[in-house]
Amino acid sequence: MDLEAVRTFVSVAEAGQFQKAAADLSITQQAVSKRVAVLERELGVRLFARTPRGAELTIDGQAFLPHAREVLRAAERAVASVRTGRRPLRVDIIASRGAASGLMRDFHRAYPEIDLAVVMLLDIERAVAAIRSGEIDASFRAVAAPGRPLPEDIESVRVLDEPLQLLTGPGHALAGARSVTVAELVGHRIWMPGIVPGSEWAAYYEDLVAEFGLTIEATGPNFGSDALLDTVADTPALATFMSEGTRLVWPAGHGLRRIPVTDPTPVYPHSLLWHRDHPHPALATLRAHLAATAPRHGAAGTWAPDWVLPR
């Protein structure tokens, strides 16, 4: 159905005259008549009856008018949904309970007038492709894994170094510690079934193991954080790493401990990625907010892989 013909029909119905509709639309009266005639042929009904007073809607025209108006409103919404500056800022945060989610909640509280759409894309290649296609405007990532640099049209800035903590059950040998050094973790089983081979966080933990001689096991199916917490609470031989900004709630009876890791503190490096050629107008506000509020990165006494470049 021709949207211009529908728009012309609505204009004639509201003006009550073909001549007035033509003036409102800045086209000739002949063009108005032609568009209405095309629409009538497509629908197989007469929409107007010409009278000395102008053009009156037929019964079919009266029935069609509210639907025609809704068609035009739907078309306007469709255009607005993709028009830069009017559509929401679309950001990938990977997981709803992670630090990136907290950063975006803080941003929303600071700038409630900016419309946001939050998505969660697991794979960095999928996220980069979504940025390049315009499906999303930005993504929080660990930049890239070794040997897989970002495309030249993708910009990134490091926004947060998130400390890792050790999560143990009450029966674990380190459960009573106020903090643990990386050296003290050698020989302990750290269980992380959510590590996805080939992901940027898999590369991070591989480097962590190689650097400090830790034992990280990714065996078994990943049934989610609740099942992980249940297992760690009930198994004194197992612990897991938990990022400081990860928000979790567990039953009081679990007796879980979140213990800071020090000397050095492993930090997970979060960066914001976006397309350099067509950034959303609100992206500059988000970047400025992150620069002003997020903790500094690269601090003394912390560790991150060599491939995480400061930018």
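Residues numbered from 1 in each chain as written. Predicted model: local features only at pLDDT ≥ 70, side-chain atom pairs only at ≥ 80, totals over all residues. Heavy atoms only, no water.

A.B. asks: Explain the pattern of salt bridges here, please?
C.D. replies: Once their charged atoms are close, side chains differing in charge can pair, the charge on each being opposite to the other. Using the criterion set out here, one finds 14 salt bridges in the structure. Put simply, lysine 20 and aspartate 24 hold a salt bridge, and the shortest N to O gap is 3.0 Å. With lysine 20 and aspartate 24 both in helix α2 (residues 18-25), this residue pair falls four residues apart, about one helical turn. For lysine 20, a relative accessible area of 40% gives the class partly exposed. Residue glutamate 200 pairs with arginine 141 through a salt bridge whose shortest N-O separation is 3.2 Å. (Salt bridge = Lys/Arg side-chain N within 4 Å of Asp/Glu carboxyl O. Helix = DSSP H or I, 4+ residues; strand = E, 2+ residues; numbered from the N terminus. Buried < 20%, exposed > 50% of the residue type's maximum accessible area, 1.4 Å probe, protein only.)

A.B. asks: Help me understand the environment of alanine 110, please; the structure alone is not making it clear to me.
C.D. replies: Within the element layout of this structure, alanine 110 appears in helix α5 (residues 99-110). The partly exposed category is assigned to alanine 110, whose relative accessible area is 40%. For alanine 110 and histidine 289, which are 179 residues apart along the polypeptide, the C-alpha to C-alpha distance reads 8.5 Å.

A.B. asks: When you look at the side chain of arginine 141 in this model, what are you seeing that I'm missing?
C.D. replies: Residue placement: arginine 141 occurs in strand β5 (residues 138-141). Residue classification places arginine 141 among the buried residues on the basis of a relative accessible area of 1%. A distance of 3.1 Å separates polar atoms of two side chains, one belonging to arginine 141 and the other to serine 139. Only 3.2 Å separates the side chain of arginine 141 from the side chain of glutamate 200, close enough to count as a polar contact. (Polar contact = N/O pair within 3.5 Å; in protein donor to acceptor, adjacent residues only side chain to side chain.)

A.B. asks: Would you explain the nonpolar core in this entry?
C.D. replies: It is characteristic of soluble globular proteins that their nonpolar side chains tend to be buried jointly. One finds Leu166, Leu185, Tyr205, Leu208, Ile216 and Phe241 to be the most contacted residues of the largest nonpolar core, which totals 25 residues. Of all the secondary structure elements, the ones that give two or more residues to this core are β6 (154-168), α7 (200-212), β10 (238-243) and β11 (257-262). Sort the elements by how many residues they give to this core and α7 lands first, with six residues. When residues no more than four places from it in sequence are discounted, the contact partners of leucine 166 are Leu174, Val180, Leu185, Ala239, Thr240, Phe241, Arg257, Arg258, Ile259 and Val261. One finds Val91, Ala99, Ala282 and Leu283 within the second-largest nonpolar core, a separate group that totals 19 residues. (Core = buried A, V, L, I, M, F, W, Y, C linked by side-chain atoms within 4.5 Å. Contact = heavy atoms within 4.5 Å.)

A.B. asks: Sorry if this is basic, but what is going on with the packing of aromatic side chains here?
C.D. replies: For any pair of aromatic rings, the description consists of the separation of the ring centres together with the inter-plane angle of the planes. Considering all chains together, one arrives at nine aromatic pairs under this definition. For the pair phenylalanine 107 and tyrosine 111, a centre-to-centre distance of 5.3 Å together with 40° between the ring planes defines the contact as tilted. Judged by centre distance (5.1 Å) and plane angle (85°), the ring pair of tyrosine 204 and tyrosine 205 falls under edge-to-face. Tyrosine 205 sits in the buried class, given a relative accessible area of 8%. Feature note: the residues Tyr204, Tyr205, Phe212, Phe241, Tyr268 and Trp303 constitute an aromatic cluster, connected by ring pairs. (Phe/Tyr/Trp six-rings, centres within 6.5 Å; stacked < 30°, edge-to-face > 60°.)

A.B. asks: Would you explain the pairing of β6 in this entry?
C.D. replies: Here is the key point about a regular strand: its side chains alternate between the two faces of the sheet. In terms of residue burial, β6 counts as a mostly covered element, since 13 of its 15 residues are buried. Alignment of β6 against strand β12 (residues 265-275), held across nine bridges, turns out to be antiparallel. Looking at the pairing, serine 156 lines up with leucine 273 of β12. Pairing geometry for β6 and β10, over five bridges, is antiparallel. Considered in β10, the bridge of threonine 168 is made with alanine 239. Of the pairings in the sheet, the one linking β6 to β11 comprises four bridges and is antiparallel in character. Pairing of glutamine 165 across the sheet is with proline 260, part of β11. (Pairing = 2+ DSSP bridges.)

A.B. asks: Please clarify how the side chain of serine 243 should be interpreted in this entry.
C.D. replies: Mapped onto the secondary structure, serine 243 falls in strand β10. Given the relative accessible area of 14%, serine 243 is considered buried. Among residues more than four places away in sequence, those in contact with serine 243 are Glu162, Pro163, Leu164 and Arg258.

A.B. asks: Quick question: what am I supposed to make of the environment of tryptophan 201 here?
C.D. replies: Checked against the element boundaries, tryptophan 201 lands in helix α7. With relative accessibility at 13%, the residue tryptophan 201 sits in the buried group. Separated by 59 residues in the primary sequence, tryptophan 201 and alanine 142 place their C-alpha atoms 7.3 Å from one another. With residues near it in sequence (within four places) discarded, tryptophan 201 still touches Leu122, Arg141, Gly194, Ile195, Val196 and Tyr268.

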